[in-house]
Amino acid sequence: WGGKVSVDGLKEAVWADLAEALAAVEYGWANRQSASNGVNDVSSRSHAVLSIKLLVTPEGESKPKVTRLTVVDLAGAEKQKLTQSSGERLNEANAINKDLMVLGHCLRDLRWNQSH
């Protein structure tokens, strides 16, 4: 495994300043998928991960210090009885629920690996 993950459609960018970084976040927000269901008018239909690596070189030093921040926005699990989903929305809900189950298994395995 080696800690490497491949993600279809992943985009990586280098930003010169905060304005460029915020523009990229706004782009991602504008491209997120949402739809109405029986519980929410705007229900997230997609997952998003924003990973920031900040390199800062302190005065008088040649090597930058690295800070990482990862923000994850997951679509929420849905119960068909509550949302009354059907057709495309039901298929999306099933895919979202499956994604969340797989994520839970990954987190469980990571936690297990850390303790053994």
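Reading the values: the criteria
Residues numbered from 1 in each chain as written. Predicted model: local features only at pLDDT ≥ 70, side-chain atom pairs only at ≥ 80, totals over all residues. Heavy atoms only, no water. Helix = DSSP H or I, 4+ residues; strand = E, 2+ residues; numbered from the N terminus. Contact = heavy atoms within 4.5 Å. Areas by Shrake-Rupley, 256 points an atom, 1.4 Å probe, with all protein chains shown as cover. Patch = residues over 30% accessible without salt bridge, like charges linked within 9 Å, V, L, I, M, F, W, Y side chains within 5 Å. Salt bridge = Lys/Arg side-chain N within 4 Å of Asp/Glu carboxyl O. Buried < 20%, exposed > 50% of the residue type's maximum accessible area, 1.4 Å probe, protein only. Expected span 1.5 Å × (residues − 1). Polar contact = N/O pair within 3.5 Å; in protein donor to acceptor, adjacent residues only side chain to side chain. pLDDT = per-residue confidence, 0-100.

K.L.:
Lay out the overall build of the protein in plain terms, naming residues and giving numbers.
P.N.:
Secondary structure summary: the protein contains three helices and four strands in total. Across the protein, the fraction of contacts at a sequence separation of at least 24, relative to all contacts at a separation of at least 6, is 40%. For the protein, the accessible area works out to roughly 9800 Å², and carbon and sulfur atoms hold 56% of it.

K.L.:
Which residues make up a nonpolar patch on the surface, and what are the values?
P.N.:
A cluster of nonpolar side chains, namely V49, V72, L74, L103 and L107, defines an oily patch on the protein surface of about 410 Å² accessible area. With respect to the secondary-structure elements, V49 resides in strand β3 (residues 48-56). V49 gets classed as exposed once you look at its relative accessible area, which sits at 61%.

K.L.:
Tell me about the environment of K65, and name the residues and values.
P.N.:
Turning to its location among the elements, K65 is positioned in strand β4 (residues 65-73). Each C-alpha atom, one on K65 and one on L55, is 5.7 Å from the other, the two residues being 10 residues apart in sequence. If we skip the residues at most four places from it in the chain, K65 touches L54, L55, V56 and P58.

K.L.:
Please provide a residue-by-residue account of helix α1 (residues 18-30), values included.
P.N.:
Taking 1.5 Å of rise per residue, the 13 residues of α1 would be expected to cover 18 Å, and the 18 Å separating its terminal C-alpha atoms lies within 8% of that figure. The residue sitting at the N-terminus of α1 and contributing the capping side-chain oxygen is D17; that oxygen lies 3.2 Å from the backbone nitrogen of A19.

K.L.:
If you had to explain the confidence of the model for the protein to someone new, which residues and values would you point to?
P.N.:
In the predicted model, the protein carries a mean pLDDT of 79, and the fraction of residues at 70 or more is 85%. Mean pLDDT per element in the protein: helix α2 (residues 80-83) is the minimum at 70, and α1 is the maximum at 89.

K.L.:
Please provide a residue-by-residue account of the environment of D73, values included.
P.N.:
In this structure, D73 sits in strand β4. D73 sits 29 residues away from S44 along the chain, and the two C-alpha atoms are 9.2 Å apart.

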